[in-house]
Amino acid sequence: MADLPDAATCYELLARMMLIRRFEEEAGRQYQRAKAGGFLHLAIGEEATIVGTTSVMRDEDYLIGTYRTHGHAIARGTDPRHVMAELFGRVDGTSGGRGGSMHIFDREHRFMGGYGIVGGNLPLAAGLALASDYKGEDAVTVCMFGDGASNTGNFGETMNLAALWQLPVFFLVENNLYGMGTSVERHSAQTDLSKKAEGYGVPGERVDGMDVVAVREGVAEGIRAAREERRPTILEAFTYRYRGHSAADPEVYREREEVEEWREKDPTETFARRCLDAGVLGEREVQEARDKAEQAVVEAVEFADASPEPPLDTLYENLYAVTDTSGWYAVDERSPHPHRGEREDRMPDAARELAEAGAAYAGQPEGPRPNPAGRGDAQKGVEPEVAGEVED
Ligand SMILES: Cc1ncc(C[n+]2csc(CCOP(=O)(O)OP(=O)(O)O)c2C)c(N)n1
Ligand SMILES: [Mg+2]
């Protein structure tokens, strides 16, 4: 077992883990009260993996995660009040209340999100690392993702480029044994996830993700290799989420006994006990960390509750408009009524129209292809385009 660090560091690790635990419990409670909308994925049980990782990062380093990242942002230094306000959809949230639980983002603390697409953060992590390299910066990007995400195409593509371009990136798989309700044995042919990127040139190790000190040591080495040797590596941390995948999960895929077994390894309680037994922390300090966590979370809820909803007339702010006619611009121009092709009961008509137009065009000379969907005001409906007509 890895040695305990000094008392101040132990206190900090414990206090962070306790804060995240309390925050997550409260987030779950507020969700039940319908204060937070959308989806809610809690990381209760995964605190040692989160805090162990961030505790050895420099301020200049980047962290990028998944949709289970309230704790990651807090561990990185984001004010819990702003995280809670984001869950509540309020203006003082980290994304002005626009992102919600899955899209916590804090550029100041270099926490780069918060992504709902499983595995979607992996190529972005490589991009961040490439940017650091390009600019001659020392920063390392730490990319955290789940066991399920290791099955995505993004995983292989990212590992390949990370190794090929010797990017300053470090990967951490939060292996909580399940991707939603599917166990690792049922979703991954290679169950040793630390080996999964080896063929791409990214070697890996495994670590006890319930032991904050062990995670710290493993991550410190991975970050060092990335920073000093431009050598990306992967660390598989074994952890467990005590709650369901999201707030709505009947948990029929696992036995109560299994959850109980992992509860014995509770990362905050086992670490507190270890610090006490070693005489590194006293009962008073442990209680103080608990009390401070409680206070911070009470304040976070009060703050979030007092923060206003974003005004309705700001609805179209902060959206991308890639060209004149795409994205929000088109939405802005349209009425709220269902448009052609949007009503399910009329889908066959719209589909037939498009198919007929396509069939009519088949075998025609080369040239711009008519697009029936792009003609006129879609609301009023359009006549099917036929062969010979050319888009203007
Ligand atoms: C590309 C994509 N496919 C499927 C989903 C639906 N989905 C949401 S979470 C999840 C499980 C991911 O599991 P894992 O990567 O192990 O992360 P964990 O939830 O355990 O933290 C799936 C399949 C999604 N969000 N994105
Ligand atoms: Mg998982």
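It should be emphasised that the depicted structure is a prediction, and the values quoted were computed from it without experimental measurement. (Residues numbered from 1 in each chain as written. Chains lettered and ligands numbered in written order. Predicted model: local features only at pLDDT ≥ 70, side-chain atom pairs only at ≥ 80, totals over all residues.)

## Comments concerning the overall build of the protein chain
Item 1. Helices and strands together make up the secondary structure of the protein chain, namely 13 helices and seven strands.
Item 2. Taken across its 392 residues, the protein chain has 43% of its residues classed as buried.
Item 3. Of the contacts made within the protein chain by residues no fewer than 6 positions apart, 71% connect residues no fewer than 24 positions apart. (Helix = DSSP H or I, 4+ residues; strand = E, 2+ residues; numbered from the N terminus. Buried ≥ 20, exposed ≤ 12 C-beta atoms within 10 Å, placed from the backbone. Contact = placed C-beta atoms within 7 Å.)

## Quick look at the nonpolar core
Side chains of a nonpolar character, in soluble globular proteins, are inclined to be buried together.
Item 1. Core analysis: the biggest nonpolar cluster contains 85 residues, and L14, M17, V142, C143, V169 and L172 have the highest contact counts within it.
Item 2. Broken down by element, the residue count for this core peaks at 11 residues, all from helix α1 (residues 7–32). (Core = buried A, V, L, I, M, F, W, Y, C linked by C-beta atoms within 7 Å.)

## So, the site of ligand 1
Item 1. Surveying the vicinity of ligand 1 reveals 15 residues, the closest of which are V118, G146, G148, A149 and G179.
Item 2. Of the residues that constitute the shell around ligand 1, the class distribution is five nonpolar, seven polar and three charged. (Near = placed C-beta within 6 Å. Nonpolar A, V, L, I, M, F, W, Y, C, P; charged D, E, K, R; others polar.)

## A few points about the sheet that holds strand β7 (residues 233–238)
Item 1. On the basis of which strands lie adjacent, the open sheet formed by five strands has the order β1-β2-β3-β7-β6 and parallel pairing. Two strands lie at the open edges of the sheet, namely β1 (62–64) and β6 (204–208), each paired on one side alone. Averaged over all adjacent pairs, the angle separating strand axes in this sheet is 20 degrees, with direction ignored.
Item 2. Here β6 runs beside β7; their pairing, made up of five bridges, is parallel. When the sheet's bridge partners are listed, R206 is paired in β7 with E236.
Item 3. Packed onto the sheet, helix α5 (residues 121–134) meets β1, β2 (141–146) and β3 (169–175) and runs at close to 175 degrees relative to β2. (Pairing = 2+ DSSP bridges. Axes fitted to C-alpha atoms, helices over the stretch in contact; angles between N-to-C directions.)

## Some thoughts on α1
Item 1. The terminal C-alpha atoms of α1 lie 38 Å apart, and with 26 residues this matches the ideal 38 Å at 1.5 Å per residue to within 8%.
Item 2. With its phi angle positive at about 65 degrees, A34 sits one or two positions after the end of α1. (Expected span 1.5 Å × (residues − 1).)

## Re the pairing of β2
Item 1. Of all six residues in β2, six are buried; the element is thus mostly enclosed.
Item 2. Residues T141, C143 and F145 line one face of β2 and the alternating positions V142, M144 and G146 line the opposite face, and both faces are buried.
Item 3. As judged from the three bridges shared by β1 and β2, these two strands associate in the parallel manner. Among the inter-strand pairings, I64 is bridged to a residue of β2, identified as C143.
Item 4. Direction of pairing for β2 relative to β3: parallel, over a ladder of six bridges.

## Some details on helix α10 (residues 267–277)
Item 1. Listed in full, the buried residues belonging to α10 are P267, T268, F271, A272 and C275. Buried residues of α10, viewed axially, fall in a sector of 125 degrees; they line one side. Of the exposed residues in α10, those oriented more than 90 degrees away from the buried face are R273 and D277.
Item 2. Tucked into the core, α10 has its buried residues touching α1, α2 (47–54), α8 (212–229) and α11 (283–306).
Item 3. Of the residues flanking the end of α10, it is G279, one or two places downstream, whose phi is positive at about 75 degrees. (Arc of directions from axis to C-beta.)

## Digging into the packing of α5 against helix α6 (residues 153–164)
Item 1. Taken N-terminus to C-terminus, the directions of α5 and α6 make an angle of 15 degrees; their axes are 8 Å apart at the nearest point. Compared by their axis directions, α5 and α6 come out roughly parallel. Considering the relative orientation of α5 and α6, their crossing is left-handed. Contact residues: L122, P123, A125 and A126 in α5; N154, F155, E157, T158, L161 and A162 in α6.
Item 2. Each residue belonging to the contact of α5 with α6 can be placed in one class, and the counts come to seven nonpolar, two polar and one charged. (Parallel < 35°, antiparallel > 145°, perpendicular 65-115°, else oblique. Left-handed = near helix turned anticlockwise from the far one by under 90°.)

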